[in-house]
Amino acid sequence: MHDIKWIRDNPEAFDAAMAVRKQEITAKRLMDIDVERRKLMTEHQEMLARRKTISGEIGKLRKNGEDADELTAEMGTLKDKIKDAEDGQASLNEQLDLLLSSFANILDPEVPVGDDEDDNVEVNRWGEPAAFDFTPIEHFEIGEKLGMMDFETAAKLSGSRFVILRGGLAKLERALSQFMIDLHTTEHGYEETITPMLVRDDAMFGTGQLPKFAEDSFKTTNDYWLIPTSEVTLTNQVAGDIIEQAKLPLRFTALTQCFRSEAGSAGRDTRGMIRQHQFSKVEMVSVVEAEKSDEELTRKTRCAETVLERLGLPYRTVILCTGDIGFSACKTYDIEVWLPGQGKYREISSCSNTRDFQARRMNARYRAAGDKKTNFVHTLNGSGLAVGRCLIAVMENYQQADGSIRVPDALKPYMGGLEVISPRG
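Fair warning: this is a prediction, and the values are worked out from it, not measured in the lab.

Per the UniProt record, the feature "binding site: ATP" (unreviewed entry) sits at R260, S261, E262, E347, I348, S349 and S350. Tracing the chain through its elements places E262 in the loop between strand 8 (250–259) and strand 9 (278–288). Other than its neighbours up to four places away in sequence, E262 contacts R161, D216, R275, Q276 and H277. By the element assignment, I348 lies in strand 12 (residues 344–353). Non-local contacts of I348, meaning those with residues more than four positions away in its chain, are made with L308, I335, E336, V337, S383, L385, A386, R389 and C390.

So, in structure tokens, the structure goes:
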């Protein structure tokens, strides 16, 4: 959500920002509605003042036994006009809010111009892909040979894009989750949080999933949404709040199941666990003062990178271009892990700064001690990491010629002494 006052003062800058986003909404269209809305507001205030004056005059006339019929008739007319003005304001406010909530965040000047993921710019690379003395295979081949990754039974239960994990792989996914949460809470300063996985419309609107991306999520028959990520619940904890500045920054992390319809992804990653309707993810959310959000984005990205470094998984970090960045973000770093079975890097984390975009939608503010004025907080989110994709990366990078998987050193304390996941006999 953007500030209409800023748009009035900077119409050319707004149009330029939307042009980069390839959106057709113009400042003039918004300002025309705003002018009409403010005109009605003025008229409404004038009519309210006139009604108050008439009410006093009618009282005086009646007290003195004089005729007040003319003023009484005017009062009746005013009542209808005031109602019309209120209805008009409500309609224009709804139109303006709908438009203001339908266009994407203004991008940071550092975001590179580009059409799609091929135009993202690499900013960091860590680790060297391992050299195998055999041809590495993809995770679903490894998992099926182990007898621990079952897509067929999952499809019988739920349809496509679901999986059942068993035995060592189920334990490995749980170990990854616990390792990430422990790292973020003990070393990175995030507060572990357990949140609902069902939310109302307001929460989805607050972080930008509604109204534009409704088809990307699942909705229950009694009007709850299954969260596509715990960014929704972690960020909306501060919705409607005024936070004392001394309490900032707030940093939350949560391990949740996430649910996505994967609308528009037909034919993409149909085999394996890359693109599922249900998956586990460790999320990191920060709520900070406005002037500290750029620094926080760098910090958050490092927290996510550290997970991969501790696991010994090669990765690269890219800054997303104008054609690939998300709706709510002003700047995003994607971290892509090396998958030897595919022979390429694949996204495993996105870390984004939304600045005050989500805060305006949620009306989340902060106030310095002794200051009456409030400012909108800045919110940031990042995957720390997508657990299923991290499982894929461990499986492919630590696979062995006999079909087994070595357990990374960082995960051994979580695996009950298991050092190698071997095929079932």
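The sheet built from three strands is open, its strands ordered 7-13-14 with mixed pairing. Across the chains shown, the open sheet's two edge strands, defined by having one partner strand only, are strand 7 (242–244) and strand 14 (375–376). Where strand 13 (residues 365–367) and strand 14 come together, two bridges link them in antiparallel fashion. Note that in strand 14 the partner of Y366 across the bridge is N375.

Let us now look at the packing of helix 3 (residues 27–63) against helix 4 (residues 69–100). As a packed pair, helix 3 and helix 4 sit with axes 8 Å apart at the nearest point and diverge in direction by 155 degrees. Our classification of the angle between helix 3 and helix 4 gives roughly antiparallel. Taken as a pair, helix 3 and helix 4 cross one another with a handedness that is left-handed. Residues belonging to the contact of helix 3 with helix 4 are distributed by class as follows: 18 nonpolar, seven polar and eleven charged.

Below, the discussion takes up a negative patch on the surface. Taken together, the side chains of E66, D67, D69 and E70 make up a negatively charged region of the molecular surface. Within the secondary structure layout, E70 lies in helix 4.

So, on to the pattern of salt bridges. Per the stated rule, a full pass over the model turns up 26 salt bridges. For R316, the salt bridge goes to E122, with nearest N and O atoms at 3.1 Å. Within this pair, whereas R316 is found in strand 10 (residues 315–319), its partner E122 is found in strand 1 (residues 121–126), the two being separated by 194 residues in sequence. What makes R316 partly exposed here is its relative accessible area of 22%.

Before going further, it helps to spend a moment on the UniProt feature "binding site: L-serine" (unreviewed entry) in the protein. Under the UniProt annotation, "binding site: L-serine" (unreviewed entry) lies at T229, S230, E231, R260, E283, N381 and S383. Relative to the assigned elements, E231 resides in helix 9 (residues 231–235). Those residues in contact with E231 that sit more than four places away from it in its chain are T207, Q209, N236, E283, V285, Q358 and N381. Here E283 lies in strand 9. In this structure, E283 is in contact with T229, S230, E231, L234, F252, T253, A254, N381, G382, S383 and G384, ignoring residues within four places of it in sequence.

What counts and what doesn't
Residues numbered from 1 in each chain as written. Predicted model: local features only at pLDDT ≥ 70, side-chain atom pairs only at ≥ 80, totals over all residues. Heavy atoms only, no water. UniProt positions renumbered as here; feature names shortened; annotations may be inferred. Helix = DSSP H or I, 4+ residues; strand = E, 2+ residues; numbered from the N terminus. Contact = heavy atoms within 4.5 Å. Pairing = 2+ DSSP bridges. Axes fitted to C-alpha atoms, helices over the stretch in contact; angles between N-to-C directions. Parallel < 35°, antiparallel > 145°, perpendicular 65-115°, else oblique. Left-handed = near helix turned anticlockwise from the far one by under 90°. Nonpolar A, V, L, I, M, F, W, Y, C, P; charged D, E, K, R; others polar. Patch = residues over 30% accessible without salt bridge, like charges linked within 9 Å, V, L, I, M, F, W, Y side chains within 5 Å. Areas by Shrake-Rupley, 256 points an atom, 1.4 Å probe, with all protein chains shown as cover. Salt bridge = Lys/Arg side-chain N within 4 Å of Asp/Glu carboxyl O. Lys, Arg positive; Asp, Glu negative; His and termini not counted. Charge placed at Lys NZ, Arg CZ, Asp CG, Glu CD. Buried < 20%, exposed > 50% of the residue type's maximum accessible area, 1.4 Å probe, protein only.

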